[in-house]
Structures are given as structure tokens and as C-alpha cells.
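Residue-level structural notes
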Amino acid sequence: MMTADKKTVGLYIHIPFCRSKCPYCDFYSFFPRPETIDRYVDKICADIANLPLGFDTVYLGGGTPSFIGEDRIASIIESAKAVKNAEITVECNPSDTGNAERAFDFSRLKDAGVNRISMGLQSAVNTERKALGRRAGRDEVSRAVERCYKAGIDNVSLDLMLGIPGQTEESISESIDFCISSGAKHISAYILKIEEETYFSRNKEKLNLPSDDETADLYLLTAEKLKSAGFGHYEISNFALPGYESRHNLKYWHCEEYLGLGPAAHSFIDGRRFYYEKDVEKYISGCLPVDDGDGGNEREYIMLTLRLSEGIVFQKYAGKLDNILGEGFIKRCRFYADSGFGTLTESGFSLNEKGFLISNSIISDLVDYL
Ligand code: SF4
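Residues numbered from 1 in each chain as written. Predicted model: local features only at pLDDT ≥ 70, side-chain atom pairs only at ≥ 80, totals over all residues.

**Topic: the environment of Asp38**
Tracing the sequence through the fold places Asp38 in helix α1 (residues 34-49). Since 13 C-beta atoms lie within 10 Å of it, Asp38 is described here as partly exposed. Residues Asp38 and Arg72, 34 residues apart in the sequence, show an inter-C-alpha distance of 8.1 Å. (Helix = DSSP H or I, 4+ residues; strand = E, 2+ residues; numbered from the N terminus. Buried ≥ 20, exposed ≤ 12 C-beta atoms within 10 Å, placed from the backbone.)

Below you can see the structure in the form of C-alpha cells.
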């Protein structure tokens, strides 16, 4: 999208700092020295100020953005000078923001333009939270969410995790009920993936993990419960009340442009994909991003749009890629629709929840028919 003189894209900023490492996490993050945080924030602010771009969504993710404190977050957001009515999201950890001893000042974030908070809940059951290495309990999450509302930020998203140690249908129901009663407008529900070189991967046998079939049932139960509470299941792992879908994340799935700043952040601009290396000192010293090739081709578009409940809309596909899908591809979509994994109409093809559960294999099969 172009405004009068600037192209407008989404902006992602990676905050690579965490108080401690969660046992399942392989994101680029570490516990920093205070001066590293300041040098990093100064560099990010300087980089944003020099960009010939406008931003209609800004997303501070991590790592743990709330770890760097309200003033630093505000200075980054203010440097971005997002366009009017931009969606501005900050990921927060309840151990920083729901602490009973120190009141995190969400009004400082609101005054800087933040209008959406994504809170890492994972589970509302304290024994499960402990197994995930989360220091804060359910009470801190409630306190943090209340503080958002009190500051006038009513668009709160909660992250849930499925397939975690000890989780049952009863315990996931308790977490979902917690999300609904907290007034969250958006809920992300990710299935735990055991990443290599994490504590969980080294101790998998001892973790009391639900089986794959049990995890699939937890996913289907989550979708059912959230849909009956009025949430739309708009993406494989994301649910929202009407009008509260994440505008920033939709850019990824619609294959639209975004710029990522910070170590490990990825970008897609002018048909090219590029990323910064996972090294904060290299980023601070002005290292250039690494080219990651062409982006936005047919395969990528299919892979991303099939994550959405809207699926592939044939007219949009033709408009975006200046191409139409061939007979072999449509025939294969018909096979999956007839097998109960999705819906094929004259206007498009989409997966249902059963299809979402095996989306990786369906998508990799379908792209072979392009
Ligand atoms: S807080 Fe988030 S980014 Fe940090 S270690 Fe835990 S899961 Fe990873």
C-alpha cells in the first residue's frame, strides 16, 4: 500500500531478551546486561527513524518485550511514528506486568500508541505453568490483564499452549474458561512442538506429554469451546471475536509486505525475503541483513493462505499472482474436500479443523500439483 509519499508495510521488532530460558523455547533470546538493552534500544530507534516507510501495524515480539520496561517500549513505538489507526501490539509476560510488588504502567504504553497486548498465558493451571517454567501464576495473569483494561487497552490476546505436560481435556477446559472470562478478544492456541536442543527435547520421555491423538482431541475441543463462545477460528492456531483478528499477523498469511528489525527478525519487501542473523552485537554494530531469496511465489502463497479458514480465494490468487490454478490442483483439492478435510467451491478451497490438524502434509502435497 502507498500513502502520498511512502510505502506502508507492517513492522516487526524483535526484543531478544528474557529473564530466564523456558525449557521448551528455541527462540533467539538471552538474559542481557542493562547496558546491552540500552544500546540495543538506541540502535532500533535510530534504524526506524531512517526508514522511508510508513507502518500500519507495529508488533513488538520476542523474547520478552515487557522485560525492557515501559519507557524503552514507549521510545521504540514513538520512533516508529505509525500511521493513524495503526494496530500496535506489544507481547507481555505476566511475571513483568502482573507483579503485585510493582505496578507495570500500561498507561505509558497506551500514551505511546499501543492498542493491543498479547499476553503469554500458556495455561491457567498453575501446575502446568510450572512445568513450562513460567514463573508467574494464574493470579499474576489476571492482574496483568486487569491492568491493561484499567489503562484503556481493551484489545487483549492470550496465548494458550496445547499438548503440554500433564494436560487433559479437563485442564484445557479450565484454561479456556479462564481466557473467556478474562474478556480476551483474541486467543492463540499453539500445539507444543518439541524443538531440538531444548530441555524438553533432552527429557522428552520424562515429561508426561499427551499422545498425538490426545493432543489432536485437545485442539478440537479448544476450537469447539471457543467457537461456541463466539470466537471465529480464522487461522490454524488463532481465534478472535469479530473484528479482533490480528491485522499484523494477517499480513504474513496474506503474503503482504513487512519489515523485521533486530536479530532473527525476517522481512518481505519488494518481492525479496531477508533476515538479520541471531546475534545482537552484530545487529548493534550495523550488520546488514542476509538475503533469503525471492518471496511471494505460488507455492508460498498457497502455503500461507491455506493456514487461514478463508483458504485460497481463486480470484485473489489470480489477482496477486497473475496466474490461475490448473485442473490438476483443483482435482487434488476435490480429493481432500471429498475426504472430509476441507471445502471446495467455485470461489475457493479451504481446510476445516480436521484438515488443519494435518495441514503440513496436505499443503506439501498440494503444492506439488502447481
Ligand atoms: S519467555 Fe518466551 S521467548 Fe523467553 S524463553 Fe520463555 S518462551 Fe522463550
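Moving on from the model shown.
**Observations regarding the site of the ligand**
Cys18, Lys21, Cys22, Cys25, Phe27, Ser29, Gly62, Gly63, Thr64 and Asn93 make up every residue found near the ligand. Of the residues that constitute the shell around the ligand, the class distribution is four nonpolar, five polar and one charged. (Near = placed C-beta within 6 Å. Nonpolar A, V, L, I, M, F, W, Y, C, P; charged D, E, K, R; others polar.)

**Describing the packing of helix α12 (residues 298-305) against helix α16 (residues 359-367)**
Running from N to C, α12 and α16 point in directions that differ by 155°, and their axes come no closer than 10 Å. Relative to α16, the element α12 is oriented roughly antiparallel. Judged by the twist between their axes, the crossing of α12 over α16 is right-handed. Across the interface between the two elements, Arg299, Ile302 and Met303 from α12 touch Ile363, Leu366 and Val367 from α16. Residue classes in the contact of α12 with α16 are distributed as five nonpolar, no polar and one charged. (Axes fitted to C-alpha atoms, helices over the stretch in contact; angles between N-to-C directions. Parallel < 35°, antiparallel > 145°, perpendicular 65-115°, else oblique. Left-handed = near helix turned anticlockwise from the far one by under 90°. Contact = placed C-beta atoms within 7 Å.)

**A look at the sheet that holds strand β14 (residues 342-344)**
Read from one edge to the other, the open sheet built from three strands follows the order β13-β15-β14, with strand pairing classed as antiparallel. Sheet topology places β13 (312-313) and β14 at the edges, where each strand pairs with a single neighbour. Here three bridges tie β14 to strand β15 (residues 348-351), and the two strands are oriented antiparallel to one another. If you follow Gly342 over to β15, its bridge partner there is Leu351. (Pairing = 2+ DSSP bridges.)

**So, the packing of α1 against helix α2 (residues 70-80)**
Direction vectors running N to C along α1 and α2 enclose 15°, while the axes themselves pass 8 Å from each other. Classified by the angle their axes make, α1 and α2 are roughly parallel. For the pair α1 and α2, the sense of crossing is left-handed. Each of Ile37, Val41, Ile44, Cys45, Ile48 and Ala49 in α1 lies in contact with α2, whose residues at this interface are Arg72, Ser75, Ile76, Ser79 and Ala80.

**Topic: the domain arrangement of the protein**
For the protein, the domain assignment lists domain 1 (7-252) and domain 2 (304-370). Its C-alpha centre places domain 1 at a distance of 30 Å from the equivalent point of domain 2. Broken down by secondary-structure element, the contributors of at least two residues to the side of domain 1 that touches domain 2 are α9 (212-228) and β7 (232-235). Take the side of domain 1 that touches domain 2: its biggest share by element is four residues, from α9. Of the residues assigned to the side of domain 1 that touches domain 2, the class counts are seven nonpolar, one polar and one charged. (Domains from an automatic or database assignment.)

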